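Structure assessment
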Amino acid sequence: MNPESKPASETPSSIGFSQDDFAKALQEHDYTFQKGQMVRGRVAVHSPEGAYIEIGGKSTAFVPLQEAALETVTDLSTVLPLNEELDFLITREQNEEGQVTLSRRQLQIQRLWDTLLDKQEEQQALQVRVTGSNKGGVTVDVMGLRGFIPRSHLNRRDNMNTLKGETLTVSFLEVNPDTRKLVLSERLASQATTFNQLEVGQLVEGRIANIKPFGLFVDLGNTTGLIHIKQISQSYIESLSSQFSMGQSIKAIIISIDEGKGRISLSTRVLENYPGEVLENMAEVIASAEARRERAAKSLQNN
């Protein structure tokens, strides 16, 4: 007999690979699937109810039509092309037939919340589309998720129904994936944009929005500034309401900005050529405010 030939009776154990080894190898390549686990699979078959996915092992996997994508799907091939490898989230473990239920939609939602949390941490603004309104505010579409902007955080609070379909720039108030709570603010986003355009020493123009014993609140468009009574004039003022009126146009110099607290402090005092000029001849101060601005800005820098 040829010494190199193998006996017909030779078994796997005689060549170093026993039945136990074989069973162990199968066990090592066994697949276990748990709810909440992310898996990668290949789209194998389309059906009217959904798609069948190959995810390895002896188990079959199925994606219901309503779980195929974040948006409503009428043609599976547009979101789950055949033979494409994609990530899915397991939403139901093996049933009695060994089938696992998957969702592409839930995975996309999970990733969207992660993205929004990152944007919130980085204080990024984003654009959203208004989808509806109620007495408390408006609902918005946020990258496919439902968000809410309270009425107090809208720039336009009257006739909120007219906002439907509009795109708004917003920042975050609350992002909570656990409770699916997503609250946004258009007002804060506008304020942040405005603050980025302002600096100490800048001349701004607005209208008096409120008169208080301690100062004047000036509407600057997307934000409000305060001229404290001590910053209105170098002369003493007994009553602001007797000197100024609501809606009156006024120019002032920015003397401090506190973005964290949303505060802008203004001054007309630094524009005066002599004590009391703002009270005696406001029209002249406003008319020549630009020429006076450079001197006022230098004065602030020295202080």
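Residues numbered from 1 in each chain as written. Predicted model: local features only at pLDDT ≥ 70, side-chain atom pairs only at ≥ 80, totals over all residues. Heavy atoms only, no water.

Looking at an unreviewed UniProt entry, one finds the protein chain named S1 RNA-binding domain-containing protein and attributed to Roseofilum acuticapitatum BLCC-M154.

Time to look at the overall build of the protein chain. What the protein chain contains, in helices and strands, is seven helices and 15 strands. Expressed as a percentage of its 303 residues, the buried residues of the protein chain come to 36%. Nonlocal contacts in the protein chain, meaning residues at least 24 apart in sequence, comprise 56% of its contacts between residues at least 6 apart. Accessible surface computed for the protein chain: about 18300 Å², of which carbon and sulfur atoms make up 45%. (Helix = DSSP H or I, 4+ residues; strand = E, 2+ residues; numbered from the N terminus. Buried < 20%, exposed > 50% of the residue type's maximum accessible area, 1.4 Å probe, protein only. Contact = heavy atoms within 4.5 Å. Areas by Shrake-Rupley, 256 points an atom, 1.4 Å probe, with all protein chains shown as cover.)

Scanning the model with the defined rule gives two aromatic pairs in all. A centroid spacing of 5.9 Å and a plane angle of 90° characterise the contact between Phe 214 and Phe 217, whose relative ring orientation is edge-to-face. Under the relative-accessibility criterion, Phe 217 is labelled partly exposed at 26%. (Phe/Tyr/Trp six-rings, centres within 6.5 Å; stacked < 30°, edge-to-face > 60°.)

Here the focus is the side chain of Glu 186. If you trace the backbone, Glu 186 turns up in helix α4 (residues 186-196). An unpaired buried charge is present at Glu 186: no salt bridge exists, and Arg 156, the closest side chain of opposite charge, is 5.0 Å distant. A distance of 2.9 Å separates the side chain of Glu 186 from the backbone nitrogen of Asn 155, its partner in a polar contact. Setting aside residues up to four positions removed in sequence, Glu 186 forms contacts with Ile 149, His 153, Leu 154, Asn 155, Arg 156, Leu 168, Thr 169 and Val 170. (Lys, Arg positive; Asp, Glu negative; His and termini not counted. Salt bridge = Lys/Arg side-chain N within 4 Å of Asp/Glu carboxyl O. Polar contact = N/O pair within 3.5 Å; in protein donor to acceptor, adjacent residues only side chain to side chain.)

So, about the sheet that holds strand β5 (residues 99-103). The strands making up a sheet associate through hydrogen bonds between their backbones, and the pairing can be parallel or antiparallel. Here we have five strands rolled up into a closed barrel, ordered β1-β2-β3-β5-β4, and mixed in their pairing. Averaged over all neighbouring strand pairs, the angle between strand axes comes to 55°, with direction disregarded. Taken together, the four bridges between strand β2 (residues 50-54) and strand β3 (residues 60-64) define a ladder with antiparallel strand orientation. Residue pairing for β3: Ile 53 is matched across the bridge by Ala 61. Sheet strands in contact with helix α3 (residues 104-121) are β1 (38-47), β3, β4 (85-92) and β5, and its direction is about 95° off that of β4. (Pairing = 2+ DSSP bridges. Axes fitted to C-alpha atoms, helices over the stretch in contact; angles between N-to-C directions.)

Attention now moves to the confidence of the model for the protein chain. Low-pLDDT stretches of the model should not have their predicted coordinates read in fine detail. The predicted model of the protein chain has a mean per-residue pLDDT of 86, with 88% of residues at 70 or higher. Low confidence marks residues 5-15, where pLDDT is under 50. Its contacts with residues over four positions away, or in another chain, come to five contacts. This model gives residues 25-30 a pLDDT under 50, and the stretch forms zero contacts once residues within four places in sequence are excluded. (pLDDT = per-residue confidence, 0-100.)

Quick look at the nonpolar core now. Within the largest apolar cluster, 27 residues are counted, with the highest numbers of intra-cluster contacts made by Leu 216, Ile 227, Ile 232, Phe 244, Ile 250 and Leu 266. Counting only elements with at least two residues in this core, the list comes to β11 (203-212), β12 (215-219), β14 (249-258), β15 (263-267), α6 (282-287) and α7 (289-302). Aside from chain neighbours lying at most four places away, what touches Ile 250 is Val 204, Glu 205, Gly 206, Ile 208, Leu 216, Val 218, Ile 227, Phe 244, Thr 268, Met 282 and Ile 286. The next biggest cluster of nonpolar side chains, apart from the first, holds 21 residues, and it includes Leu 116, Val 140, Leu 154 and Phe 172. (Core = buried A, V, L, I, M, F, W, Y, C linked by side-chain atoms within 4.5 Å.)

Turning to unusual backbone geometry, a few remarks are in order. One non-glycine residue, Asn 83, adopts positive backbone phi at about 70°. Take Asn 83: it is sitting in the loop between α2 (76-79) and β4. Judged by its relative accessible area of 53%, Asn 83 is exposed. Positioned with a positive phi, Met 143 is a non-glycine residue whose angle comes to about 55°. Summarising the element assignment, Met 143 is placed in the loop between β7 (137-142) and β8 (145-150). A relative accessible area of 37% means that Met 143 is categorised as partly exposed.

So, on to α3. The first and last C-alpha atoms of α3 sit 26 Å apart over 18 residues, in line with the 26 Å expected at 1.5 Å per residue. Arg 104, Leu 107, Ile 109, Leu 112, Trp 113 and Leu 116 are the residues of α3 that are buried. Two to three positions downstream of the cap, the backbone nitrogen of Arg 105 sits 3.3 Å from a side-chain oxygen, assigning the N-cap of α3 to Ser 103. Gln 123, located one to two residues past α3, shows a positive phi value of around 55°. (Expected span 1.5 Å × (residues − 1).)

Here we take up the environment of Val 204. Looking at the secondary structure, you find Val 204 in strand β11. Sequence spacing of Val 204 and Ile 250 is 46 residues, and the spatial spacing of their C-alpha atoms is 8.6 Å. Those residues in contact with Val 204, other than ones at most four positions away along the chain, are Leu 198, Leu 220, Ile 250, Lys 251, Ala 252, Ile 254 and Leu 266.

This brings us to the pattern of salt bridges. Within the structure shown, the criterion is met by 10 salt bridges. Two residues, Glu 277 and Arg 292, come together in a salt bridge whose shortest N-O distance is 2.8 Å. Residue Glu 277 is found in helix α5 (residues 277-280), and its partner Arg 292 is found in helix α7; the two are separated by 15 residues along the sequence. Classification of Glu 277 as buried rests on a relative accessible area of 5%.

Mapped onto the fold, Ala 68 is located in the loop between β3 and α2. Through-space distance from the C-alpha of Ala 68 to that of Arg 105 is 5.7 Å; in sequence the pair is 37 residues apart.

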